[in-house]
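If you want the building blocks of each chain, they are given just below.
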Amino acid sequence: MKKLWGGRFTKSAEEWVDEFGASISFDQELVLEDIEGSMAHVAMLSKTGILSVEDAEKIKAGLLTLKKQAENDGLTFSVKLEDIHLNLESKLTDLIGPVGGKLHTGRSRNDQVATDMHLYLRRQVKLIIQLLNELQIVLLEKAESHIETVMPGYTHLQRAQPISFAHHLMAYFWMFERDKQRYQENLARINVSPLGAGALAGTTFPIDRAYSADLLAFDSIYENSMDAVSDRDFILEFLSTSSILMMHLSRFSEEIILWSSQEFKFIELDDSFSTGSSIMPQKKNPDMAELIRGKTGRVYGNLMGLLTVLKGLPLSYNKDMQEDKEGMFDTVKTVVGSLRIFAGMIQTMKVNEQGMEKATKNDFSNATELADYLSDKGMPFREAHEVVGKLVLYCVNKNCYLQDLSIKELKEASSLFEDDIYHVLNPRTAVERRNSAGGTGFKQIENAIEKAKLCVLEKEEVK
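Just so we're clear, the structure is a prediction, and the values are computed from it rather than from any experiment.

What counts and what doesn't
- Residues numbered from 1 in each chain as written.
- Predicted model: local features only at pLDDT ≥ 70, side-chain atom pairs only at ≥ 80, totals over all residues.
- Heavy atoms only, no water.
- Helix = DSSP H or I, 4+ residues; strand = E, 2+ residues; numbered from the N terminus.
- Rg over C-alpha atoms; globule rule 2.2 N^0.38 Å.
- Buried < 20%, exposed > 50% of the residue type's maximum accessible area, 1.4 Å probe, protein only.
- Contact = heavy atoms within 4.5 Å.
- Areas by Shrake-Rupley, 256 points an atom, 1.4 Å probe, with all protein chains shown as cover.
- Pairing = 2+ DSSP bridges.
- Expected span 1.5 Å × (residues − 1).
- Polar contact = N/O pair within 3.5 Å; in protein donor to acceptor, adjacent residues only side chain to side chain.
- Salt bridge = Lys/Arg side-chain N within 4 Å of Asp/Glu carboxyl O.
- Core = buried A, V, L, I, M, F, W, Y, C linked by side-chain atoms within 4.5 Å.
- Phe/Tyr/Trp six-rings, centres within 6.5 Å; stacked < 30°, edge-to-face > 60°.
- Lys NZ or Arg CZ within 6 Å of the ring centre and 35° of its normal.

A. Representation of the overall build of the protein. The secondary structure content of the protein amounts to 20 helices and six strands. The C-alpha radius of gyration computed for the protein amounts to 30 Å, which surpasses the reference 23 Å derived for 463 residues by more than 25%, pointing to a less compact arrangement than a globule. Reported as C-alpha extents along the three principal axes, the dimensions of the protein are approximately 100 × 50 × 40 Å. Looking at the protein residue by residue over its 463 residues, the buried ones come to 49%. Nonlocal contacts in the protein, meaning residues at least 24 apart in sequence, comprise 76% of its contacts between residues at least 6 apart. As displayed, the protein has an accessible area near 22700 Å², and 52% of this comes from carbon and sulfur atoms.

B. Geometry of the pairing of strand β2 (residues 158–164). For strand β1 (residues 150–155) and β2, the ladder comprises six bridges, and the chain directions are antiparallel. Pairing of Tyr154 across the sheet is with Arg159, part of β2. Between β1 and β2, which follow one another and run antiparallel, lie two residues, and His156 among them has a positive phi close to 60°.

C. Summary view of unusual backbone geometry. Following Leu315, the chain continues to Ser316 via a peptide bond in cis, the omega torsion being 10°. Its place among the elements puts Ser316 in the loop between α11 (287–310) and α12 (325–348). Positive phi is not limited to glycine here, since Asp73 has a value of about 55°. Here Asp73 lies in the loop between α4 (53–71) and α5 (84–96).

D. Layout of α5. A rise of 1.5 Å per residue sets the reference length of α5, with its 13 residues, at 18 Å; its end C-alpha atoms lie 18 Å apart and thus fit the reference within 8%. Every buried residue belonging to α5 is among Ile84, His85, Leu86, Asn87, Leu88, Glu89, Ser90 and Leu92, and all of these are buried. Against α2 (24–27), α3 (31–47), α4 and α6 (109–144) lie the buried residues of α5. Where α5 begins, one side-chain oxygen reaches toward the backbone nitrogen of His85, 3.1 Å away; that side chain belongs to Asp83. Within two residues after α5, Gly97 carries a phi angle of roughly 90°, on the positive side.

E. How the structure looks around the side chain of Thr331. Among the structural elements, Thr331 can be located in helix α12. Leaving out residues up to four positions away in the same chain, Thr331 has contacts with Phe238, Leu239, Ser242, Val299 and Asn302.

F. View of the pattern of salt bridges. One pass over the structure, following the stated rule, counts 28 salt bridges. Through salt bridges with shared partners, a single ionic network connects Glu369, Asp372, Asp376, Arg433 and Arg434.

G. Broad picture of the nonpolar core. With 81 residues, the main nonpolar core has Leu121 and Phe252 as its most contacted residues. In terms of residues, this core owes the most to one element, α6, which gives 14 residues. Sequence-distant contacts of Leu121, that is, excluding residues within four places in its chain, are made with Ile190, Phe234, Ile235, Phe238, Met328 and Val332. Ala367, Ala371, Ala384 and Leu425 belong to the second-largest nonpolar core, a separate cluster that totals 20 residues.

H. Fine view of the packing of aromatic side chains. Using the criterion set out here, one finds 11 aromatic pairs in the structure. With a centroid separation of 5.6 Å and an interplanar angle of 70°, the aromatic rings of Phe165 and Trp259 are classed as edge-to-face. Placement of Phe165 in helix α7 (residues 165–190) and of Trp259 in helix α10 (residues 233–259) is noted, with a sequence separation of 94 residues between them. Each member of the pair, Phe165 together with Trp259, is buried. A connected cluster of aromatic rings, assembled from ring pairs, spans Tyr172, Phe176, Phe252 and Phe342. Its end group placed over the ring of Tyr211, Lys47 keeps NZ or CZ at 5.0 Å from the ring centre.

Okay, here's the thing in structure tokens:
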């Protein structure tokens, strides 16, 4: 099979060398984007008179045929033709004759592949924003039904203070909101057209880059042709944003794994998001959460991989940059799958409200309430902190909790204690009283949920 760039060469590469250098095994993922970019390019060539209307129409018709075949999985590709661009150009020429070769007028594979990736990432990032939005809706719904579900809050994975379960869920809502914002900002860098930059220096043909950019719904064009073909910042930004998102999903996964254990018993995952053991019949494993936690590492790896590929490259295009795609495709697949799994996992999980609240009564997470109580009565907080610390030690030695102490025992520690202290020590009271902005108080959570609803996008806004 003759290579489309073979005129300069007198010797063909061995088959294994072709296979090593070819990218068609993975860049065929860009087939529809490549056709879309070519449709815009040929329309521009026709508008500017670089191609005759007749030639342009033949090429458009051929591209539409290839598009239909691609959509029906009717295209096969050859390693001999290296990449998606040469494969499609060869098929187009077979379909409509030598006029197909005119499609490449005024462009290079360098600006062509960059255009494909901009188009691909734009579509995928919009999908990810939509999936993030759907996960946020699930969190809002779950939080609204658990505003008054009380659970232990943790620092250092030690019980710290009682909180609302809704408050815990909403912490992730706001993390995902930041992720969504980062992806939206990423779109601004993605939605720039490199088409028409040529190999690196532009072209002598009187092309209209703004017209082709407009046809492809890009916001603007790259102002420098060398930057246009060598820039992969938009992919790095995508991989970085995806790494942060996966870190958030991984942290949430870790908590779900802990909460679903026998030691916590705070939640039960639906069977459809769990698996069993081949040897232990009783097991119900949170495998989907574990997989998401594990897949976070591959997304980090994809970011580090591309950073390393790019770090020493001179301008402009280098063959090294062929390594920019597989990590991008893998990250898209990983993020999209993780978000879909997560939304279903949260939506279907059962919450053990009684178990959560019971856990808050078998610890010293209400100790801060005692210190605040004494402080409200006029005792300096540092002194109150010491008084309560000694009471906790007293309880540890006595094998009881603060709420189990008699008023006499409490008064021995400080005369400021009154009978109302038992109401203050109730975990539910402790949660309800934390009514500062952004706090876990029930009223604050209701306010937070109403604010959060304003952040959830309608489907039309995502498009």
